[in-house]
There are 2 protein chains.
Amino acid sequence: MSTADGDEGEGARGRGSERARWPEDKTPEGKVLGKSSATTTGPGWTKVSCPCCVSEQIEPLVLVKLGAKVRPETKRWLIRLIGAPQKDGGAALLAHPGEDASGDIIVVAAPRCTLLRAVEELGLCKPYRDGDMEAFSYDDKDNFIESDNVEVFLTLAERQYIVKYELDGLWVQRDLKVPGLSDSFVLKHRDSIWQKLVSAGVVVDMVPLHNPGKLRELGKTWYSGNHLAQPLDAVNEYFGSSVGFYFSFLDFYTWSLLPPAVLGLSITYFSGEAQKEKESVWGSGVTTAEDESDLVFSGHMVQAVFSMIWSTVIMELWKRRSSTLSYRWGTLNLTERFAEPRPGFHGEIGVNPVTGRVEPLFPGWQRDLRMALVSVPVVGLFLGLVVLGMTCFYWGEAHIQQLHKDWDSLLTQILLYVPSVLHIIYTNMLATVYRNVAQSLTEYENHREQSAFENHLTAKVLVFTFFNYFAVLFHIAFIKEDVPLLRKRLASLLIISQVVNQVTEVVIPYLVDRFISTPNRAETEDDPQEDKFRNESTLPAFPGLFAEYIELLVQFGYLSLFSCVYPLTAVLLLINNITEIRTDAYKICKLFRKPFSPPVANMGVWQLAFQVLSFASVMSNCWLLLLSPQLQELCQQGKMSCTSILLMAVLVEHVLILVKVIVAVLIPDEPDWIRKKIERMEYKSIQALKQ
Amino acid sequence: MSTADGDEGEGARGRGSERARWPEDKTPEGKVLGKSSATTTGPGWTKVSCPCCVSEQIEPLVLVKLGAKVRPETKRWLIRLIGAPQKDGGAALLAHPGEDASGDIIVVAAPRCTLLRAVEELGLCKPYRDGDMEAFSYDDKDNFIESDNVEVFLTLAERQYIVKYELDGLWVQRDLKVPGLSDSFVLKHRDSIWQKLVSAGVVVDMVPLHNPGKLRELGKTWYSGNHLAQPLDAVNEYFGSSVGFYFSFLDFYTWSLLPPAVLGLSITYFSGEAQKEKESVWGSGVTTAEDESDLVFSGHMVQAVFSMIWSTVIMELWKRRSSTLSYRWGTLNLTERFAEPRPGFHGEIGVNPVTGRVEPLFPGWQRDLRMALVSVPVVGLFLGLVVLGMTCFYWGEAHIQQLHKDWDSLLTQILLYVPSVLHIIYTNMLATVYRNVAQSLTEYENHREQSAFENHLTAKVLVFTFFNYFAVLFHIAFIKEDVPLLRKRLASLLIISQVVNQVTEVVIPYLVDRFISTPNRAETEDDPQEDKFRNESTLPAFPGLFAEYIELLVQFGYLSLFSCVYPLTAVLLLINNITEIRTDAYKICKLFRKPFSPPVANMGVWQLAFQVLSFASVMSNCWLLLLSPQLQELCQQGKMSCTSILLMAVLVEHVLILVKVIVAVLIPDEPDWIRKKIERMEYKSIQALKQ
């Protein structure tokens, strides 16, 4: 049953009497089987304070898990708080205590007015009467299409994020004690209630709830079956724009691998033709038939130049695509900087000069100082530790190999593996420590907006992770200057990471699904709603998009930084990504809890990372071409002076960088029609200001 | 006398009866000696249609010069047109036919409402009641400080620009014939009236009128006397923000030359100490005492690295200063793109998707296409012609020198000068042709906004002029690779350009003023107002700021591109610029007609040019250091391999560029308080939009 039927009013908390509704399950959208009532909503739910929000259907959005030892009076206090209007310091949401009033969950839903007000606060755009997207305004809500039907007007992800946003945003208006907690636990003025409750162990977790009907539909068009295109709008609708952007980028990036893949294949084919008789022209370094080796060399050159220009063009086109998506998903004008600061933000209470609200303030120069004097040196230190680890590893390996040569026993044979093992352990430990350090550093920087916090945290972890991945390759390419080794290493890394990916992302998920998830799912068909919710909350938490993005970035790094060394990179990546799309989709739908996903306007710091990499690739490729045996030979044979070859390489590098800069400037960041829409919005707001 | 006294109402057009007012002359601001009248304004002026604009004082703002053969009926028609309200297709300004109704001038003034409406249209910011600058709104005018007194509320430059803006913006609402002109001259719907009249020879010129009182005051604090600081706000008030920005930049740039000048002096001093016994270590290329030559070399190195970082820091700080000025002068939010297109713009009539107005439209892709397929190749062609000219010059010179050696006669002696003379003629002709071509190309590109038009035109001329100036130096530095010659050439260029500047900008202006302007001025004391106006219009037109900016840019080029070659550059430039400030100020005040100056928010394309130069300087300096005899010697002696020296230089270059990019990103483009003001404006407009 999907309606909030059952006896109303009375505190019916018995099993089965409280069944939340799934809109798609059996009843048509918006139609109710139960008797219509104007007084309140579902049974067990807190009352709505605003008459226009009374509705007979309540969609449970978020499950709040409480600590096992939470006393019933604390739970009752929390439910009251969640339901209280915002002017009284509450969240103006709807709360349900679950079947057992003293159980450890609270189900939270949101009334229409709270949702719409939050939409205005977040600065989301919604379709206006005239067909354009426009920043939503609560007072003007009747002019927005479908604004009276929030389940159509807002995406599921938006509704769930708003619940989290409201709960996170609760702050103490005057000092108070929480019933059922020790007297020493006092909420002080301006404290973030939710953070305090989490740190006190009252609230353990917050889980957005799946909508099985929608999820099934989404899965059908997304990963089961043979669809070339992903249902990106549906992904945005269900998982939110940050997930939507990831999958859009994955999609875009995968298709844009086609040209370099085709080029790589043809170069490999033609150079393969050329060296049919000989083995590994580049690898051996001994060339007899010069024409053929020249062919290989110029093939690599073409590949390198192509991929350098390609990477800029792709990133510029992505920016255009990204702004189109952002317009479509209504996140073009997010106004986070005008909203309340994020819960973790602290500072002296004062009047915000921009909004005029009383809130904590923290001077920007102090943040800059903290970044410059603390964050940058600490991050540098950790990068130094990576280099130190690598140096020790090479030193240890050389020594032990020497030892093995000298003694040659079983012991030394085993000892040979010790440096690698130690290095792996060291690297992993370092990464774990670093992640915590990065978190604390970013906390310490005290960013006002959640997105700034996320971006700074991501940037820190990103730099370290990337460095960690590439340190060895850089060492081979720039210190050892050993192109054949680099080539071997790159090929093995690509193939190994491919295999590892396939195993971790296809095989393991499949096994998990078959033997762990499916038995669970089988039981739930006739179970009460609440048990389904509980089941969901037992799934592992979604690990976030960092791992997914860094995988793409590392790929992109292999491809662009060392493209001239191994032309088949793009082909391997293309194959990998086509399966990656499916497995990532499957993972997020089935194997993890649904994540909260804030509305975002773009990929944030990842965009920048890809662009930086694309510029770094020019230097790396020019360097690698310089190291190519053909040029080295020319130089040694004295046919051309080393200096003039080097000068030429520098010239080529500068020209390529110039071309990339020009391409980046010339391709506008948003399509013409989006630019016009943005200007139209600006014009409207100027006109409005004048009146 | 400064009031609009004399008999009112009657068409008193006799000599002396119409005297426009100079507010500062004798009467205190805003006070009138004549009888107060509510019906109209000064005698002879057209009537004001709007009752709130009736005032007894009319400040003549602009003088329109008509062609000598213009018939009286045409003049009357034009005066009616200027005075007609905007809804009837007029300019809603005030016009006065001058003493002689059939004379060849029209004096134009502006009533309050027209001025204020134009301020709103241009998007100028003015001080609001709460002390912040805010985009002016006509409906909300009472909340702006002093908005009822336009002569305080608006600067003189703004009032005059608005007159020009309104006249330029006149367009034909339905086809009409102009009385007194031939029947073949028909104004068609949507034609720009003013452009048509100019091309028909009816209107010859438009001159903003000086305000002698204010001008005298400005001169006192600007160029006469020993002021260290320029009265920039007064300059902005009198000459407008584009002139204001030029002088602010000149000021800022001059003071920022201090650090490199001090460094250059000390390096020259210490290296002078070191080479007391020897002559010209660098120049001769023969080094005996290596320590000392190393000292010189490392001095040049320090100078080069310093100036490379310095140039970026300076440009970033200037951006901050520029945004502060722009806030102060109310030009931060110009809304040109939302206003009517510029008069020369043509396209198919349609509905502007942004503003919803009916106006000519021209698709952006078509403009891009024209730029890519026409403008870029043509500009490239002309740059090629410069190179061709230089090549011919070198070729010719070499041949003639050979000839002179072989024959050695008086004829060949004279012939020796021929290539230089031909080259100079060629270069000048090319520059003239190019300027016209650039104008037509930019017209053809059909930019919608005047500022875009100006920027594209400036960019074209700028690239060519700069190339023209530097082609020879680049040739010496990069093709001939002759550092001593470069050094000599640079020193002589700097000194010659200094001397030429001083002559053209101090001596000639002084002579002109003494012997040409002063006699004129002497007569005017008791002359009727109109003759003073006529005198003003006989001054040469202000040649624009292009020449001034390019001078600075070329200076900056000498300084940054070749800083390591001649450390005293900054010293010479500093001396030059300190006098330059005075002479430029004197020039614009006394020697030319007052220019119209549109409100601008920054230096436009010049900002970019300086920044590009600052990056190019890294490459050029690294290259020049590579060419230094010390390194060349090391290389030849085999102490270090050429390749490793080269590699090191490339590394240093990359690091420097990276540092510059980081510095540019880290220094915010506007000061914190401006950012907050801007955010506040945004916030207000979002709030306004929601209501």
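Note that the structure is predicted; figures quoted are calculated from it, not measured.

(A) Local environment of the relation of the copies chain B and chain A. Once turned by 180 degrees and shifted 0.1 Å along the axis, chain B lies on chain A with an RMSD of 0.1 Å. Read as a symmetry element, the transformation amounts to a two-fold axis. A shared binding surface is used by both copies, with 100% of the interface residues of chain B retained as interface residues in chain A.

(B) Quick peek at the sheet that holds strand E1 (residues 62-66) of chain B. All names here are of chain B. Taken in spatial order, the four strands make up an open sheet running E2-E3-E1-E8, and their pairing is antiparallel. Each end of this open sheet is capped by a strand with a single partner; those strands are strand E2 (94-96) and strand E8 (203-208). Strand-to-strand twist of the sheet, defined as the mean angle between neighbouring strand axes without regard to direction, takes the value 25 degrees. The pairing of E1 with E8 spans five bridges and is classified as antiparallel.

(C) View of the packing of aromatic side chains. One pass over the structure, following the stated rule, counts 71 aromatic pairs over all chains. Residues tryptophan 222 of chain B and phenylalanine 239 of chain B carry aromatic rings whose centres are separated by 6.2 Å and whose planes lie at 45 degrees to one another, so their mutual orientation is tilted. With a gap of 17 residues between them, tryptophan 222 of chain B in helix H6 (residues 212-222) and phenylalanine 239 of chain B in helix H7 (residues 232-239) connect regions that are remote in the sequence. A relative accessible area of 1% means that tryptophan 222 of chain B is categorised as buried. Its relative accessible area of 0% is what places phenylalanine 239 of chain B among the buried residues. Three or more aromatic residues link up through ring pairs in this structure, and these residues are Trp222, Tyr238, Phe239, Tyr246, Phe247, Phe546, Tyr549 and Trp606 of chain A. Sitting above the plane of the phenylalanine 596 of chain A ring, lysine 164 of chain A keeps its charged end 5.4 Å from the centroid. Positioned over the ring face of phenylalanine 153 of chain B is lysine 126 of chain B, at 5.7 Å from the centre of the ring.

(D) Broad picture of the interface of chain B and chain A. On the side of chain A, 32 residues touch chain B, which itself brings 32 residues to the contact. Surface buried jointly by chain B and chain A totals about 3200 Å² across both partners, of which 66% is contributed by carbon and sulfur atoms. The tally of links between chain B and chain A comes to two salt bridges. We note a salt bridge from glutamate 682 of chain A to arginine 337 of chain B, for which the minimum N-O separation is 2.8 Å. Linking chain B with chain A are six residue pairs in polar contact (both at pLDDT 80 or more). Of all the secondary structure elements, the ones that give two or more residues to the side of chain B that touches chain A are helix H20 (605-626), helix H22 (642-666) and helix H23 (672-690) of chain B.

(E) Representation of the pairing of E1 of chain B within the structure. All names here are of chain B. By the criterion of burial, E1 is predominantly enclosed, with four of the five residues buried. The pairing of E1 with strand E3 (residues 105-109) spans four bridges and is antiparallel. Looking at E3, one finds that valine 62 is bridged to valine 108.

(F) Highlighting the sheet that holds strand E1 (residues 62-66) of chain A. All names here are of chain A. Spatial ordering of the open sheet is given by E2-E3-E1-E8, a layout of four strands whose pairing is antiparallel. Strands at the two margins of the open sheet, each flanked by one partner only, are strand E2 (94-96) and strand E8 (203-208). Across the sheet, the axes of successive neighbouring strands diverge by a mean angle of 25 degrees, strand direction being ignored. Against the sheet, helix H1 (residues 72-83) contacts E1, E2, strand E3 (105-109) and E8, and its axis sits at roughly 5 degrees relative to E3.

(G) Just helix H15 (residues 450-480) of chain A, in detail. With 31 residues, H15 of chain A ought to run about 45 Å at 1.5 Å a step, and its terminal C-alpha atoms sit 43 Å apart, in line with that. The largest bend in H15 of chain A is about 45 degrees, located at phenylalanine 470 of chain A.

(H) View of the confidence of the model for chain A. Residues and elements named next belong to chain A. The share of residues in chain A with pLDDT of 70 or more is 88%, and the mean pLDDT across the chain is 83. Counting interchain partners and residues more than four positions distant, the pLDDT-below-50 stretch residues 1-41 has 81 contacts. Below a pLDDT of 50 lies the segment residues 277-289, which in the model reaches 23 contacts outside its immediate sequence neighbourhood of four places, other chains included. In the model output, the complex is listed with pTM 0.86 alongside ipTM 0.84.

(I) Layout of empty space enclosed by the protein. Under the defined criterion, the tally for this structure stands at seven cavities of 30 Å³ or more. Considering only enclosed or pocket space, the largest cavity measures out at about 100 Å³ in volume. Forming the boundary of the largest cavity are 14 residues, of which Thr155, Glu158, Gly240, Ser241 and Pro599 of chain B lie nearest the centre. Of all the elements, helix H4 (residues 156-168) of chain B adds the most residues to the lining of the largest cavity, at four residues. Taken together, the residues of the lining of the largest cavity break down into seven nonpolar, six polar and one charged. What the second largest cavity holds in volume is close to 80 Å³. What lines the second largest cavity is a set of 13 residues, and nearest its centre among them are Glu158, Asn236, Gly240, Ser241 and Pro599 of chain A. Among the elements that make up the lining of the second largest cavity, the one with the highest residue count is helix H4 (residues 156-168) of chain A (three residues).

(J) Geometry of a nonpolar patch on the surface. Residues and elements named next belong to chain A. Together, Ile495, Val499, Val503, Val507, Ile508, Tyr510, Leu511 and Phe515 give the surface a local cluster of nonpolar side chains, amounting to about 740 Å² of exposed area. Of note, phenylalanine 515 is situated in helix H16 (residues 483-523). Here phenylalanine 515 falls in the exposed class, since its relative accessible area comes to 62%.

Criteria and cut-off values
- Chains are numbered independently. Their residues run from 1 in the order of the written sequence.
- Naming scheme: in the order in which they are written, chains are lettered from A and ligands are numbered from 1.
- This being a predicted model, a pLDDT of at least 70 is required before a residue's local features are given, and a value of 80 or more before pairs of side-chain atoms are given or counted; all residues contribute to the totals for chains, interfaces and linings.
- Side-chain descriptors were evaluated using all non-hydrogen atoms of the structure, hydrogens and water having been removed beforehand.
- Here the copies were fitted onto each other by least squares, based on C-alpha atoms from residues at pLDDT of at least 70 in both.
- Any two residues having at least one pair of non-hydrogen atoms within 4.5 Å are treated as being in contact.
- Should DSSP find at least two bridges between two strands, the strands are taken to pair.
- Helical segments are the DSSP runs of H or I of at least four residues, strand segments are the runs of E of at least two, and each set is numbered from the N terminus.
- Note on geometry: axes are lines fitted to C-alpha atoms, helical ones only across the stretch in contact, with angles between N-to-C directions running from 0 to 180 degrees.
- Centres within 6.5 Å make a pair out of two Phe, Tyr or Trp rings, where for Trp the six-membered ring is used; the pair is then stacked when the planes are under 30 degrees apart, edge-to-face when over 60, and tilted otherwise.
- With a 1.4 Å probe rolled over the protein chains alone, any residue whose accessible area is under 20% of its type maximum counts as buried; one over 50% counts as exposed, and the rest are partly exposed.
- For a lysine, the NZ atom is tested; for an arginine, the CZ atom; a charge sits over a ring if that atom is within 6 Å of the ring centre and within 35 degrees of the ring normal.
- Joining two parts hides part of their accessible area as seen by a 1.4 Å probe, and the buried area is that hidden amount summed over both.
- The working definition used for a salt bridge is a side-chain nitrogen of Lys or Arg within 4 Å of a carboxyl oxygen of Asp or Glu.
- Each polar contact in these results corresponds to two N or O atoms within 3.5 Å; when the atoms are within protein, one needs to be able to donate a hydrogen and the other to accept it, and residues that are neighboring in sequence are counted only if both atoms are side-chain atoms.
- In this scheme, a helix's expected span is set at 1.5 Å multiplied by one less than its residue total.
- For a residue, the bend is simply the angle between two axes, fitted respectively to the seven-residue segment ending there and the seven-residue segment starting there.
- Predictor confidence is given residue by residue as pLDDT, running from a minimum of 0 to a maximum of 100.
- Cavities and pockets are found on a 1 Å grid laid over the protein atoms alone: a cavity is a set of points where a 1.4 Å probe fits but cannot escape, a pocket is an open set with protein on both sides within 12 Å along at least five of seven lines, and a lining residue has an atom within 4 Å of such a point.
- Grid points are joined across faces, edges and corners, and a volume is the space filled by probe spheres set on the points.
- The classification used treats Ala, Val, Leu, Ile, Met, Phe, Trp, Tyr, Cys and Pro as nonpolar, Asp, Glu, Lys and Arg as charged, and all other residues, Gly among them, as polar.
- Patch definition: residues with relative accessible area over 30% and no salt bridge; like charges joined within 9 Å; nonpolar side chains (Val, Leu, Ile, Met, Phe, Trp, Tyr) joined within 5 Å.
- Accessible areas in this description were obtained via Shrake-Rupley with a 1.4 Å probe; residue shielding takes into account the shown protein chains only.

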